[in-house]
Amino acid sequence: KKEPQLEKKFVADGNYYAARMIGENVYVLSAYYIEKENPLLPEFMNGDSIVKVGASEIYYPYVFDSNFMFTSVMAIDLENMELKGDVFMTGASGVIYVSENAIYLTHYKNSYNNNNNWQNIQEEMFKEVVKVFPIIVRAQIEKVLDSNKEFYEKQRSMEEIYQNYFNSLDVLKKQELQEKMRKAVEDFYSDWSKKNEKTVVHKIGIDGLDIDYEGSGEVPGYVLNRFSIDEYKGNLRIATTTGNMGFGFGGTRGGTLNHLYVLDKDLEIIGSVEDLASGERIYSARFMGDKAYMVTFRQVDPL
């Protein structure tokens, strides 16, 4: 071990992402973004031999993403010094988890970056929050929302109506209104987040040098790290957080929620525990046998 000698070199295109060793097999993941105008197909090197990958050999899961990557999985048999490489067209991978039989690639997506812009989301939120106002004030705000003004003009007009009404109330009524608004904003953003903030999971089966794409699924929220994912008796368990989308009407704010999902071998959700620790985030998670342990925290301004 003092004078190691190079026996053989294995190479995969792209940036190194992760690696795992199971028995005598090593699995190396690498990836790079696809040039849309002139996509260069990935290659592998087995010693001095170049292993080309044909376009028809690249697996393309039917999952929408704004940017695609070539994700390469290189399987190496250390005992026989053999290589097998496969390429998959995926989004940018985030947290990965590897069991004895599968590689799980995850990436986060949200509809705010796709079909919804911030203005539309805010207007939807306003329509929910105004329901806590008296009919006369509510009608004034809804009239502004339905107008053809620019969004920043609508915001300014609605805030003016809100402030005038708020200043007319006594202290207890002000507190009551603020609490109702806070609850309405949190409920809206919590519901929106669970529907639109998603973690996509790709499952790649591994068995020695055999590499097979086995499917994809998705769960609400984002994953903190690899300890938030675990496979148990053929099912995948994953802990996520949703929410904290920014400020709402009258200085109110959307909150965070934490969830635990169980997916079957086809990555369909078969069980869940949702809406844990409102306003907090997952700080750490561990799975041990049939138990899941989640630590959450609330970030507080020290001043």
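You'll find the structure just up there.
First, a word on scope: everything that follows refers to the structure included in this document. (Residues numbered from 1 in each chain as written. Predicted model: local features only at pLDDT ≥ 70, side-chain atom pairs only at ≥ 80, totals over all residues. Heavy atoms only, no water.)

Turning to the nonpolar core, a few remarks are in order. A general tendency of soluble globular proteins is for nonpolar side chains to be buried together. Residues Met-125, Val-129, Phe-133, Ile-141 and Leu-177 are the most contacted members of the largest nonpolar core, which totals 23 residues. Broken down by secondary-structure element, the contributors of at least two residues to this core are α1 (118–129), α2 (135–145), α3 (151–167) and α4 (171–196). In terms of residue count, α4 provides more of this core than any other element does, seven residues in total. (Core = buried A, V, L, I, M, F, W, Y, C linked by side-chain atoms within 4.5 Å. Buried < 20%, exposed > 50% of the residue type's maximum accessible area, 1.4 Å probe, protein only. Helix = DSSP H or I, 4+ residues; strand = E, 2+ residues; numbered from the N terminus.)

Attention now goes to the sheet that holds strand β1 (residues 10–12). Strand order in the open sheet formed by three strands is β1-β4-β5, and the pairing between neighbours is antiparallel. Across the chains shown, the open sheet's two edge strands, defined by having one partner strand only, are β1 and β5 (49–52). Shown here is a sheet whose adjacent strand axes are inclined to one another by a mean of 15°, direction ignored. Here β1 pairs with strand β4 (residues 43–46) via three bridges, running antiparallel. Bridging from a neighbouring strand, Ala-12 pairs with Phe-44 of β4. (Pairing = 2+ DSSP bridges. Axes fitted to C-alpha atoms, helices over the stretch in contact; angles between N-to-C directions.)

Before going further, it helps to examine the packing of aromatic side chains. A complete count under the given rule lists 12 aromatic pairs for this structure. Relative to Tyr-162, the ring of Phe-133 has its centre 6.2 Å away and its plane inclined at 90°; by these criteria the two rings are edge-to-face. One end of the pair, Phe-133, is in the loop between α1 and α2; the other, Tyr-162, is in helix α3, and 29 residues separate them in sequence. Accessibility expressed as a relative area gives 3% for Tyr-162, which makes it buried. The aromatic ring of Phe-227 is capped on one face by Arg-286, whose charged end is 4.0 Å from the ring centroid. (Phe/Tyr/Trp six-rings, centres within 6.5 Å; stacked < 30°, edge-to-face > 60°. Lys NZ or Arg CZ within 6 Å of the ring centre and 35° of its normal.)

Here the focus is the sheet that holds strand β13 (residues 235–243). An order of β12-β13-β14-β15 is seen for the four strands of this open sheet, with the pairing classed as antiparallel. Looking at the sheet topology across the chains shown, the edges are occupied by β12 (229–232) and β15 (269–276). In this sheet, neighbouring strand axes are inclined to one another by 20° on average, regardless of whether the strands run parallel or antiparallel. Direction of pairing for β12 relative to β13: antiparallel, over a ladder of four bridges. Opposite Asp-230, over in β13, you have Arg-237 as the bridge partner.

Between two packed helices, the angle of one axis relative to the other and the distance separating the axes together describe the packing. One can describe the packing of α3 onto α4 by two numbers: an axis separation of 10 Å at closest approach and a directional angle of 140°. Counted together, Tyr-162, Tyr-165, Phe-166 and Asn-167 of α3 and Lys-174, Leu-177, Gln-178 and Met-181 of α4 form the full contact between these two elements. (Contact = heavy atoms within 4.5 Å.)

The subject of this paragraph is the packing of α1 against α3. Between α1 and α3, whose axes approach to 11 Å, the crossing angle comes to 25°. By the angle between their directions, the pair α1 and α3 is classed as roughly parallel. Note that α1 runs across α3; the crossing there is left-handed. In contact with Gln-119, Gln-122, Glu-123 and Phe-126 of α1, α3 contributes Phe-151, Lys-154, Gln-155 and Met-158. (Parallel < 35°, antiparallel > 145°, perpendicular 65-115°, else oblique. Left-handed = near helix turned anticlockwise from the far one by under 90°.)

So, on to the pattern of salt bridges. Scanning the entire structure with this criterion turns up 16 salt bridges. Here Glu-123 makes a salt bridge to Lys-154, at a shortest N to O gap of 3.4 Å. With a gap of 31 residues between them, Glu-123 in helix α1 and Lys-154 in helix α3 connect regions that are remote in the sequence. Comparing Glu-123 with Lys-154 shows no difference in burial state: the two are buried. Lys-194 is the salt-bridge partner of Asp-275, the closest N and O atoms lying 2.8 Å from each other. Of this pair, Asp-275 sits in strand β15 while Lys-194 sits in helix α4, placing them 81 residues apart in sequence. Judged by its relative accessible area of 41%, Asp-275 falls in the partly exposed class. By sharing partners, the salt bridges in this structure join Glu-179, Arg-182 and Glu-186 into a single network. (Salt bridge = Lys/Arg side-chain N within 4 Å of Asp/Glu carboxyl O.)

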